[in-house]
Amino acid sequence: MSKKNRKLFSTRSQKYKKSIEECTNIVATSPFWIHFSATIKMELNGSNPSSILCYGLGNFFESIQSKYQLGLLLTIKNEFKVKNCYVYDPKFTDAERSHLAEIGCDSLCENEEGKRSLLPGTFVYMPHCPKQLLNNLLWANWNKEILTSCIIVCNSIDQTVTSTLDRILNKYAYYVQKISPHVIEKKCCDDFIYDDVFNDMALHIFPNEKLKELEDIFWERGKEPLYDNDELEFITKFECMSFQS
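Residues numbered from 1 in each chain as written. Predicted model: local features only at pLDDT ≥ 70, side-chain atom pairs only at ≥ 80, totals over all residues. Heavy atoms only, no water.

Looking at an unreviewed UniProt entry, one finds the protein chain named SRR1-like domain-containing protein, with Macrosiphum euphorbiae as its source organism. In the Sequence similarities (unreviewed entry) part of its UniProt record, the protein chain is described as follows: "Belongs to the SRR1 family." (UniProt positions renumbered as here; feature names shortened; annotations may be inferred.)

S.K.: Would you mind going over the nonpolar core with me for this structure?
M.R.: Side chains of a nonpolar character, in soluble globular proteins, are inclined to be buried together. Ranked by size, the top nonpolar core spans 38 residues in total, and within it Phe 36, Leu 72, Leu 73, Val 87, Tyr 125 and Phe 198 carry the most contacts. For this core, the elements supplying multiple residues, two or more each, are helix H1 (3–28), helix H2 (31–44), strand E1 (51–55), helix H3 (64–79), strand E2 (85–88), strand E4 (122–125), strand E5 (151–155) and strand E7 (201–205). A per-element tally of this core places H3 first, with six residues. When near neighbours in sequence (up to four residues on either side) are disregarded, Phe 36 contacts Leu 72, Ile 76, Val 153, Cys 188 and Leu 203. The next biggest cluster of nonpolar side chains, apart from the first, holds 33 residues, and it includes Trp 139, Trp 142, Ile 146 and Val 176. (Core = buried A, V, L, I, M, F, W, Y, C linked by side-chain atoms within 4.5 Å. Buried < 20%, exposed > 50% of the residue type's maximum accessible area, 1.4 Å probe, protein only. Helix = DSSP H or I, 4+ residues; strand = E, 2+ residues; numbered from the N terminus. Contact = heavy atoms within 4.5 Å.)

S.K.: Is there a simple way to explain the packing of aromatic side chains in this structure?
M.R.: To describe a pair of aromatic rings, you give the distance between the ring centres and the angle between the ring planes. Here the structure, examined in full by the defined rule, presents 16 aromatic pairs. For the pair Trp 33 and Phe 36, a centre-to-centre distance of 6.3 Å together with 75° between the ring planes defines the contact as edge-to-face. Taken together, the residues span about one helical turn, with Trp 33 and Phe 36 both in helix H2 at a distance of three residues. A connected cluster of aromatic rings, assembled from ring pairs, spans Phe 32, Trp 33, Phe 36, Tyr 68, Phe 192, Tyr 194 and Phe 198. Above the ring of Phe 218, the side-chain terminus of Lys 178 is found at 4.9 Å from the ring centroid. Its end group placed over the ring of Trp 139, Arg 221 keeps NZ or CZ at 4.0 Å from the ring centre. (Phe/Tyr/Trp six-rings, centres within 6.5 Å; stacked < 30°, edge-to-face > 60°. Lys NZ or Arg CZ within 6 Å of the ring centre and 35° of its normal.)

S.K.: In this structure, what is going on with the pattern of salt bridges? I would like to understand it.
M.R.: For side chains bearing opposite charge, pairing can occur when the charged atoms are close. Throughout the structure, instances matching the rule amount to seven salt bridges. Salt-bridge contacts for Arg 97 lead to Asp 94; the nearest nitrogen and oxygen are separated by 2.5 Å. Of this pair, Arg 97 and Asp 94 are both found in helix H4 (residues 94–102), three residues apart, which corresponds to roughly one turn of the helix. We classify Asp 94 as exposed; its relative accessible area is 56%. Salt bridges linked by common partners bring Glu 113, Lys 115 and Glu 224 together as one network. (Salt bridge = Lys/Arg side-chain N within 4 Å of Asp/Glu carboxyl O.)

S.K.: What should I look at first to understand the side chain of Asn 141 in this one?
M.R.: Mapped onto the elements of the fold, Asn 141 is located in the loop between helix H5 (131–140) and helix H6 (144–147). There is a polar contact of 2.6 Å between the side chain of Asn 141 and the backbone nitrogen of Leu 118. Setting aside residues no more than four positions away along its own chain, Asn 141 makes contact with Arg 116, Ser 117, Leu 118, Ile 146 and Leu 147. (Polar contact = N/O pair within 3.5 Å; in protein donor to acceptor, adjacent residues only side chain to side chain.)

S.K.: For this particular structure, what's the right way to read the pairing of E4?
M.R.: By the alternation rule, side chains of E4 split into Thr 122 and Val 124 and Phe 123 and Tyr 125, which are all buried. Where E1 and E4 come together, four bridges link them in parallel fashion. When the bridges of E4 are listed, Leu 53 appears paired with Val 124. Pairing geometry for E4 and E5, over three bridges, is parallel. By the bridge assignment for E5, Phe 123 is matched with Ile 151. (Pairing = 2+ DSSP bridges.)

S.K.: What is the right way to look at H4 in this model?
M.R.: Side chains of residues three or four places apart in an α-helix project in the same direction, reflecting 3.6 residues per turn. For H4, every residue scored as buried is listed here: Glu 96, His 99 and Leu 100. Along the axis of H4, the buried positions cluster into a sector of 100°, meaning they face one direction only. When the buried face of H4 is taken as reference, the exposed residues oriented beyond 90 degrees from it are Asp 94, Ala 101 and Glu 102. Trailing H4 by a residue or two, Gly 104 shows a phi angle of about 85°, which is positive. (Arc of directions from axis to C-beta.)

Written out as structure tokens, the structure reads:
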């Protein structure tokens, strides 16, 4: 890279970083965060998450929605003093991954398609992610001891189930549909300054008093979920490999 291009890249990078800082400050001082943080604190009951796992931020250097969604991630991380924060999106650029490292977030190296085993106490943050990703995460952690210790913030499970045909749920969101009657869901307030950033999202907990009543057969896990390549919103690990080749 020439000296001129390096200077241009550095100037552009600083501009992006300043924009993200501004978006984070807006989130952290918003009525939305006041309400949402109170809900989180009530569910944590004095404890802090052991780690954060975040999927689906998208290209936050370019997208204003993604900047604010990253701002919420950083606000959660700072408020609850979470040291370990793992982030992945197949669309991240090298510059975005470098910035995440600078702000204390670890970019996962490969597309696990959400099939990642959670540690107890993990706070999962999945802004506007496809239902297949949540389905995979549930499949990988289909265990009441794990689920009861975690919080998942994502698109409303109730809305996903009630607004989707059964045949689509069976194909793309079997575990989402199966767990839905046993989840307690608390909708995120829709009072953020932009109505397309955190809309339709909710905080989900899996209460022990509900899950312990389920018979062992409920927790029998099927084969690894695989999907036809006809849903463009869900990017498989094989597609990521083709991008890189």
